[in-house]
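Single-letter residue listing:
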Amino acid sequence: MDAVPPLRLRPGAWQRLRRGLFASRVDGLISIVLIGFLLAAALGLAKWALFQAQWAVISANSTLFAVGRYPLEQQWRLWLLTTLLALATGLSWGLLRAFPRSGPPVTLWPRNDRWAVAILVVLAIWRPMALQLALPIQMRWWAITGLLLLARWAAGRWGQAIPQVSRRLVPLIWPLLYLVGMVLISGGLGLVQVAPSEWGGLLLTLLMSSFAILLCFPLGVLLALGRRSELPLLRWGSVLYIEFIRGAPLITLLFLGQNILGFLLPGGMAPDRVWRAAWVLTFFAAAYVAEAVRSGLSAVPAGQLEAARSLGLPLPLALIHVVLPQALRVALPATVGQFITLLQDTTLLSLIGLLDLLGTARTVMANPEFLGKNAEVYLVLAVLFWCCCAALGLGSRALEIRLNPQAQPSR
Amino acid sequence: MIEARGVEKWYPNGFHALRGVDLSVEQGEVVVIMGPSGSGKSTFLRTFNALEDFQKGSITVDGITLSDDLRHIDAIRREVGMVFQQFNLFPHLTVLDNLTLAPVLVRKLAKAEVQRRALELLERVGIAEQAHKYPGQLSGGQQQRVAIARSLCMEPRIMLFDEPTSALDPEMVQEVLEVMQGLARDGMTMVVVTHEVRFARQVAHRVVLMDDGEVVEMAPPERFFSNPQHPRSRQFLSQIS
């Protein structure tokens, strides 16, 4: 083989690539075959996506995919909610950058953030056009993206000037926003009621999964603690619950829930099919989260609890301040894995007749006007789910790094 | 300060770990417990703040009798500090937060005041400059000194040490022993399970030798080390020297 060009001192990208892919004859052969396959697949997909696929099925039904049959004259509430969410996201994002866990902030826009902004801007410009939305609606998306970035910039720039007392309240924005969102979506407090049966599409999927994720987490932690409790009744109750739930397929439980949850929960807590399904998802995921948390609890040495107790901390305080922070950090990846599974499991809601993303997709594909457009619809569905799951995964990684004391610069 | 009478303990597997142990510790006294591994010395020490339960006998600590009453147990633990072989610092908290956690939560003291006292204590054990690091960034000897300071921050009346230098590299043993020596000089009541003969000779008022869950011999250090009475004491001393 010919020698390395003498001018180049460090191995460049091309050379690293060559060393990685064509180190030996066999390696080279494998690489060529694989690259060939990938190229052919990518080419095929691109050809189909650009020339054959008829995306009209998506653009004509984009509202249906987004919110289902949510009444048109009430959709301003969802726009308002999206705007609030964008503002809260920008604010939190900026404040996180203004207050790294240690030391002063490095720069206003770290590299990862510049990438995120670029992706956001491209999405905001390209997606509404691809969906052939009306111009006013396109402009709404641009405005919302602009607001998000503005909030991010302002919070990153002036976050440090906010007095500590009010800064502590910032995380409370999220639970508050969740309640506001619930009211905005379902009505009440002077807003027209929109029945859960009219929610659908991405709205329903996100609502169900966020509801279940938020509630199954504390429930799972309690179950995990119960499983390790010294009180026999509590321990056996938790074991029984976890093993029962884990022993049954979700779809069975969903059907069962539609029939019996009305008797089990106090009146008014599960009034209709959507909420019953949400509770089943919650109870189902809690059992799995409990097992993830239990693995985290086992990873905390017994000496930690002993040390906390010997300092006079009562058991609840020792758990909250010493054991759980360590256990949950260990359990975080597995727990987020459960959340991702949960998000995907919401597709089962379509089987009990709810119009989540998959349910909506099935009604669209059943429409004679769009017969045979399954590939287009399923591809979009897959990409949508992938985006949601990737967001969860990225968030979990960021949280993991932030919670790891060893990631501190040591001096 | 500590009054243990006829303490007996069986482990759930039936092992008879403590076979009627008596010990009384006066205020300001330093008692060193020695013995071969498996002799029950750590188990005995851990009964004083109810980290281990026992089936027979009675223990009174600082005027409070140990019973199943959880309030009594928490009350005793507030007054009794404990230092572990494995340090057991809280890895997710800074050194300073390790010290202030319990006083703020249990004694309900103002955080600023506790922090001031914590910094004084860190000064006293010689690591004030590490206050804002995490335990994982410190050496073993430094961690054990933080653990001592953490216990002291609760202002205990009694300190228990469970083999405080056994997990340390040899060159770090001395810095921990010096801190303990200083504590003893200041009049702290201490019960120490250790194999450090020099520490026992210099600091202890009494040495207790345990074997097979029993107290074999109890004597002032001069007599214990130079003229042990019991054959098992002689055997033990010949093994560790």
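A few points on the structure. Predicted model only: the values in this text are computed from it and were never measured.

## Examining the interface of chain B and chain A
Counting residues at the interface gives 25 residues for chain B, matched by 23 residues for chain A. Across the chain B to chain A interface the summed buried area is about 2100 Å²; carbon plus sulfur atoms make up 59%. Area buried by chain B at its contact with chain A is led by Arg77(B), His92(B) and Tyr134(B), which between them contribute 24% of it. Linking chain B to chain A there are 2 salt bridges. Here Arg46(B) and Glu306(A) are joined by a salt bridge, their closest N and O atoms 2.6 Å apart.

## Side note on the packing of helix H10 (residues 201-227) of chain A against helix H11 (residues 232-246) of chain A
Residue and element names in this part refer to chain A. At a minimum axis distance of 7 Å, the contact between H10 and H11 shows a crossing angle of 125 degrees. As the angle between them shows, H10 and H11 are arranged oblique. Taken as a pair, H10 and H11 cross one another with a handedness that is left-handed. On H11, the residues touching Leu223, Gly226 and Arg227 of H10 are Leu234, Arg235, Ser238, Val239, Tyr241, Ile242 and Glu243.

## Notes on the packing of aromatic side chains
Ring pairs (aromatic) are described by centroid distance and by the angle formed between their planes. Taken as a whole and judged by the stated rule, the model has 12 aromatic pairs over all chains. On the numbers, 6.0 Å between centres and 90 degrees between planes, the contact of Trp199(A) with Trp275(A) is edge-to-face. Highlighted residues: Trp199(A) in the loop between helix H9 (173-186) and H10 and Trp275(A) in helix H13 (residues 273-299), separated in sequence by 76 residues. Residue Trp199(A) is classed as buried on the basis of its relative accessible area, which comes to 2%. Among the aromatic residues, those joined into a cluster by ring pairs are Trp199(A), Phe211(A), Trp275(A), Trp279(A) and Phe283(A). The side chain of Arg152(A) reaches across the aromatic face of Trp93(A), ending 5.2 Å from its centre. A cation over a ring is seen here: Arg150(B) above Phe90(B), with NZ or CZ 4.4 Å from the ring centre.

## Description of the sheet that holds strand S6 (residues 80-83) of chain B
The pairing of strands in a sheet comes from backbone hydrogen bonds and takes either a parallel or an antiparallel form. Residues and elements named next belong to chain B. Judged by pairing direction, the sheet is mixed, and its 6 strands sit side by side in the order S6-S7-S8-S3-S9-S10 without closing on themselves. The outermost strands of the open sheet, each flanked by one partner alone, are S6 and strand S10 (214-219). Across this sheet, the average inter-strand angle for adjacent strands is 20 degrees, counted without regard to direction. In the sheet, strand S3 (residues 30-34) pairs with strand S9 (residues 206-211) via 4 bridges, with the strands oriented parallel. Bridge pairing in S9 places Ile33 opposite Val208.

## Section: the state of the cysteines
Residues and elements named next belong to chain A. Applying the stated criterion across every chain yields a total of 0 disulfides over all chains. Free cysteine: Cys216, not disulfide-bonded; nearest cysteine sulfur from Cys389 at 14 Å. The class of Cys216 is buried, set by a relative accessible area of 0%. No disulfide involves Cys387; its nearest neighbouring cysteine sulfur is the one of Cys388, lying 6.8 Å away.

## Quick look at a nonpolar patch on the surface
Residues and elements named next belong to chain A. A surface patch of nonpolar side chains, about 530 Å² in accessible area, is lined by Val121, Ile125, Met129, Leu135, Met139 and Trp142. Every element with two or more residues in the nonpolar patch is listed here: helix H6 (111-130) and helix H7 (135-158). As for its placement among the helices and strands, Met139 is situated in helix H7.

## What about the environment of Met210(B)?
Residue and element names in this part refer to chain B. Mapped onto the elements of the fold, Met210 is located in strand S9. For Met210 and Ser37, which are 173 residues apart along the polypeptide, the C-alpha to C-alpha distance reads 9.7 Å. Look past the residues within four positions of Met210 in its chain and what remains in contact with it is Leu18, Val21, Ile33, Met34, Gly35, Pro36, Ser39, Gly40, Lys41, Phe44, Val215 and Val216.

## Comments concerning the nonpolar core
Residues and elements named next belong to chain A. Core analysis: the biggest nonpolar cluster contains 51 residues, and Tyr70, Ile185, Trp199 and Leu349 have the highest contact counts within it. With 15 residues, H13 is the largest single contributor of residues to this core. Two domains each provide a minimum of three residues to this core, namely domain 1 (69-194) and domain 2 (201-411). Discounting chain neighbours no more than four positions away, the residues touching Tyr70 are Gln75, Arg77, Leu78, Leu184, Ile185, Val194, Glu198, Trp199 and Leu203.

## Details of the packing of helix H3 (residues 95-106) of chain B against helix H4 (residues 111-124) of chain B
Packed helices, taken two at a time, are described by the angle between their axes plus the distance between the axes. Residue and element names in this part refer to chain B. Between H3 and H4, the least distance of the axes is 9 Å, while the angle of their chain directions is 130 degrees. As judged from the angle between their axes, H3 and H4 are oblique. For the pair H3 and H4, the sense of crossing is right-handed. Where H3 abuts H4, its residues Val95, Leu96, Asp97, Leu99, Thr100, Pro103 and Val104 lie against Lys111, Val114, Gln115, Arg117, Ala118, Leu119, Leu121 and Leu122. The residue inventory of the contact of H3 with H4, partitioned by class, reads 10 nonpolar, 2 polar and 3 charged.

About the thresholds
Throughout, a residue's number is its position along its own chain's written sequence, starting from 1. Labels are handed out in written order, letters beginning with A for the chains and numbers beginning with 1 for the ligands. Two thresholds apply to this predicted model, a pLDDT of at least 70 for residue-level local features and 80 or more for giving and counting side-chain atom pairs, whereas whole-chain, interface and lining totals are computed over all residues. Each side-chain value is worked out from all heavy atoms of the structure, with water and hydrogens disregarded. Throughout, a residue-residue contact means that at least one pair of heavy atoms, one from each residue, lies within 4.5 Å. Summed over both partners, buried area is the accessible surface (1.4 Å probe) that two parts give up on being assembled. The term salt bridge refers to a side-chain nitrogen of Lys or Arg lying within 4 Å of a carboxyl oxygen of Asp or Glu. A fitted line through C-alpha atoms serves as each axis, taken over the contacting stretch for helices, and the angle formed by two N-to-C directions is quoted from 0 to 180°. Runs of E in the DSSP output that reach at least two residues are strands. Runs of H or I that reach at least four are helices, and both are numbered from the N terminus. The labels follow the angle: roughly parallel below 35 degrees, roughly antiparallel above 145, roughly perpendicular from 65 to 115, and oblique for the rest. Here a crossing is taken to be left-handed if its near helix is turned anticlockwise relative to the far helix by less than a right angle, and right-handed if that turn runs clockwise. Only the six-membered ring of Trp is used, alongside the rings of Phe and Tyr, when aromatic pairs are assigned; centres must lie within 6.5 Å, and planes under 30 degrees apart are stacked while those over 60 apart are edge-to-face, with the rest tilted. For every residue, the accessible area (1.4 Å probe, protein chains only) is compared with the maximum for its type, and the residue is labelled buried under 20%, exposed over 50%, or partly exposed between those bounds. Whether a charge sits over a ring depends on NZ of Lys or CZ of Arg being within 6 Å of the ring centre and within 35 degrees of the ring normal. Whether two strands pair depends on DSSP finding at least two bridges between them. The disulfide criterion is simple: two cysteine sulfur atoms within 2.5 Å. For patches, a residue must show more than 30% relative accessible area and have no salt bridge; joins then use 9 Å for like charges and 5 Å for nonpolar side chains, namely Val, Leu, Ile, Met, Phe, Trp and Tyr. The Shrake-Rupley method, run with a 1.4 Å probe, gives the accessible areas here. Residue values count only the displayed protein chains as cover. For this analysis, a nonpolar core means a set of buried residues of the types Ala, Val, Leu, Ile, Met, Phe, Trp, Tyr and Cys, connected via side-chain atoms within 4.5 Å. Boundaries of every domain are those given by an automatic assignment or by a domain database. We call Asp, Glu, Lys and Arg charged. Ala, Val, Leu, Ile, Met, Phe, Trp, Tyr, Cys and Pro are nonpolar, and the rest, Gly among them, are polar.

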